[in-house]
Amino acid sequence: MEKMDGKTMDIVAENVGKLKELFPEAFTEGKVDFDALKEVLGTFVDDRDERYSFTWNGKSKARMIAQTPSTGTLRPCKEESVDWDTTQNIFIEGDNLEVLKLLQKSYHKKMKMIYIDPPYNTGKDFVYKDNFKDNIKNYKEITGQVDGEGRNLSNNPETSGRYHTDWLNMMYPRLKLARNLLKDDGVIFISIDDSEASNLIKICDEVFGEENFIADLIWQKKFSRANDASYFSTMHDHILCYAKRTKLNNNGDSWELKLLPRGDEIPDGYTNPDDDHRGPWTSVVLSAKSGTEKLIYEITTPSGRKCLPPDGRFWGVNRDRFSELVEDNRIWFGKDGSGIPRLKTFLSEVQDGLRPNTIWFHQEVGHNQEGRQEVKKLFDDKGYFDGPKPVRLLDRIIQISNLSSSDIVLDFFAGSATTGHAVVNHNACNETSFKYILVQLPEVCDEKSEAFKAGYKTIAEISKERIRRAGAKIKEENPEYEGDLGFKVFKLDATNIKPWEVDFDLTERTLEDYISNIKTDRREEDVLYEVLLKYGLDLTLPIDEWIMDNGKLIMKDEHHSQLSTVNSQLVYSIGMGALIICLSDAISLEVVEGIAELKDELNPEIMRVVFKDSGFKDDVVKTNAVQILKQAGIVDVRSL
Ligand SMILES: C[S@@+](CC[C@H](N)C(=O)[O-])C[C@H]1O[C@@H](n2cnc3c(N)ncnc32)[C@H](O)[C@@H]1O
């Protein structure tokens, strides 16, 4: 039985595997032979000393940081969630680098759209500093979960010699990990201002490929002039848009922009002078530059005038087709019926939407103040969060992203959770069922801030409360609405599995510590979700509990609550039997047989089973368990 450890997916090993698949000839004894690789790549190798590149101090370390497996896990927190049992939305409290690593397996190529609004690095906002050695410990220190203080995160001043470097080192690994989560036809939007826009474009070109750059959108975030500005009064932010793949450079799956609804607006040039029931139309010439003799024929207009195509030109359709078009009232001979024939093109039959412009004015998508007001309105007119984006801005992004039902939107710099609010709002207004995953650092609120005084110790607490209130408001306004307004809360923490605590003080270890690999302060649920992530399963899959009753495993419901306390052999079935977990301390062969029977009952494609290693009385029971499961066709059996 193979044992699981506390590390996440090894990205380097995974990539090496892919390389090996592509270029087996570039491997000798399991290692990469760079000379051989260069040979296979031929002219695509650029090894000149001076070549086009964008680099900064720490770039290779940042690359390495993205590839180091995480030693963390996501612990479920039902108490802070809304509609835990049914919701498909997720809010994760934690540092997004570690969280993105933890999501790599379960959410590989699962996100249709990612929106992020990272710190702009204006000198006033803080820039998270990763720690190569122990990022989880670092996270706990930064967020005050170790000594209750929280390190001063405040800012990355412009005077710092590492001003741009620190920001780039923070962004680069996160973008790399984010790309892995994008669907092949997915898209990412990133808000930024002039401070780092040029650097961001450079690293995005590198991470996503410059051929996948779609647009640098300009959002008019302000509507009044700042006359005290040193030079220009800045009115806009950038929103960079990159596709994972575009249709211009790829013939596989690629992102397609969804046109904006036309609404009632009729574009210039469209009228309806003959009151055609197909609505407004415009007309185009019927003659063409090239053609055959057959396309030169005489046409008689309704007024009786005879006309031929202009000299050197041809009619665009043959005589029969022309008659059909006349029959269908698609030919326009001018108001008096004597003009040269033209072809009518109806607005209702051309593109059914508007192509968005690259400049987004505040009248259409809101401005900074609107964002601030929206959050204040939800919090009894208190301004608990600086700089939230307006919901309308996110709604526009959601609109054009071309999501289909149950697609997921990810925002890993969630702030006040505008993205979550916009997704549920969009669903409620458009009968869609998009889902969100938000990630937000429990950044400690300043003690002098209104938020802190009102009891919100961290920004993550404000974010969660905002989506609670936004959901409640939607329900209040549409009591009939049955869409998903809930969210599951998870919190980043160190793995539940012990060997990772290398600097354990042995004298403090209890007997329980020696027997079990699972940390004593962790619940079964914590372990369940860690296993789920390791197997790459979705965090919102349903989890059923089964218990032994008269020698048979039966699904637990409210009538069986007393049974589960007497009988600790609880069996969890995740995703209708895709994964079975039993963390009992006394695994009996009866339970193992019950699991084997479950396979027949649930009939999943593959069933994987995980036990607690210390739950087996001895090796004989363990071996028998493996045999019983093998006979039932279950081969993936592991222990913790
Ligand atoms: C500019 S704000 C986002 C505002 C958001 N778009 C809104 O409308 O409310 C950026 C947020 O990213 C968070 N953040 C910064 N570093 C982070 C990290 N390493 N992990 C997770 N969140 C982080 C900050 O706490 C901050 O709230």
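If you're wondering where the values come from, they're calculated on a predicted model, not measured in any experiment.

Caption draft 1: Summary view of the site of the ligand. Close contacts around the ligand come from 21 residues, with D117, S416, T418, Q440 and E443 the closest. Note that an oxygen atom of the ligand is positioned 2.8 Å from one of the side-chain N or O atoms of Q440. In this structure, L441 approaches the ligand through a main-chain N or O atom, which is 3.3 Å from a nitrogen atom. With the chains in place, 93% of the 600 Å² that the ligand exposes on its own is no longer accessible. Residue composition of the shell around the ligand, grouped by class: ten nonpolar, six polar and five charged.

Caption draft 2: Just a negative patch on the surface, in detail. Taken together, the side chains of E590, E593, E597, D600 and E601 present a region of like negative charge at the surface. Position of E601 among the secondary structure elements: in helix α18 (residues 589–602).

Caption draft 3: Representation of the packing of aromatic side chains within the structure. Tallied over the full model, the rule gives 17 aromatic pairs. Seen in terms of ring centroids, F213 and Y242 are 5.4 Å apart; in terms of plane orientation they differ by 75 degrees. Their pairing is edge-to-face. One end of the pair, F213, is in strand β8 (residues 213–220); the other, Y242, is in strand β9 (residues 236–243), with 29 residues separating them in the sequence. Accessibility expressed as a relative area gives 32% for F213, which makes it partly exposed. Between the aromatic rings of W281 and W332, the centroid separation amounts to 5.1 Å while the plane-to-plane angle is 65 degrees, which identifies the pairing as edge-to-face. Residue W281 is located in strand β10 (residues 281–285), and its partner W332 is located in strand β15 (residues 331–332); the two are separated by 51 residues in the primary sequence. Residue classification places W281 among the buried positions, given a relative accessible area of 3%. Ring pairing ties together the aromatic residues Y297, W315, F322 and F333, which thus form one cluster. Positioned over the ring face of F54 is K202, at 5.8 Å from the centre of the ring. The aromatic ring of F452 is capped on one face by K457, whose charged end is 5.1 Å from the ring centroid.

Caption draft 4: Just the packing of helix α10 (residues 368–378) against helix α14 (residues 459–477), in detail. Viewed as axis vectors pointing N to C, α10 and α14 meet at an angle of 80 degrees, and their least axial separation amounts to 10 Å. Classified by the angle between their axes, α10 and α14 sit roughly perpendicular to one another. In this structure, α10 uses E374, V375 and L378 to contact α14, whose residues at the interface are R466, R469, A470 and K473. Broken down by class, the residue content of the contact of α10 with α14 amounts to three nonpolar, no polar and four charged.

Caption draft 5: Structural view of the sheet that holds β15. The strand order β10-β16-β15 describes an open sheet built from three strands, whose pairing is antiparallel. Of all the strands in the sheet, the pair left with one neighbour each is β10 and β15. Taken together, the two bridges between β15 and strand β16 (residues 342–346) define a ladder with antiparallel strand orientation. The residue bridging W332 from the neighbouring strand is R342, located in β16.

About the thresholds
- Residues numbered from 1 in each chain as written.
- Predicted model: local features only at pLDDT ≥ 70, side-chain atom pairs only at ≥ 80, totals over all residues.
- Heavy atoms only, no water.
- Near = heavy atom within 4 Å.
- Polar contact = N/O pair within 3.5 Å; in protein donor to acceptor, adjacent residues only side chain to side chain.
- Areas by Shrake-Rupley, 256 points an atom, 1.4 Å probe, with all protein chains shown as cover.
- Nonpolar A, V, L, I, M, F, W, Y, C, P; charged D, E, K, R; others polar.
- Patch = residues over 30% accessible without salt bridge, like charges linked within 9 Å, V, L, I, M, F, W, Y side chains within 5 Å.
- Salt bridge = Lys/Arg side-chain N within 4 Å of Asp/Glu carboxyl O.
- Lys, Arg positive; Asp, Glu negative; His and termini not counted.
- Charge placed at Lys NZ, Arg CZ, Asp CG, Glu CD.
- Helix = DSSP H or I, 4+ residues; strand = E, 2+ residues; numbered from the N terminus.
- Phe/Tyr/Trp six-rings, centres within 6.5 Å; stacked < 30°, edge-to-face > 60°.
- Buried < 20%, exposed > 50% of the residue type's maximum accessible area, 1.4 Å probe, protein only.
- Lys NZ or Arg CZ within 6 Å of the ring centre and 35° of its normal.
- Axes fitted to C-alpha atoms, helices over the stretch in contact; angles between N-to-C directions.
- Parallel < 35°, antiparallel > 145°, perpendicular 65-115°, else oblique.
- Contact = heavy atoms within 4.5 Å.
- Pairing = 2+ DSSP bridges.

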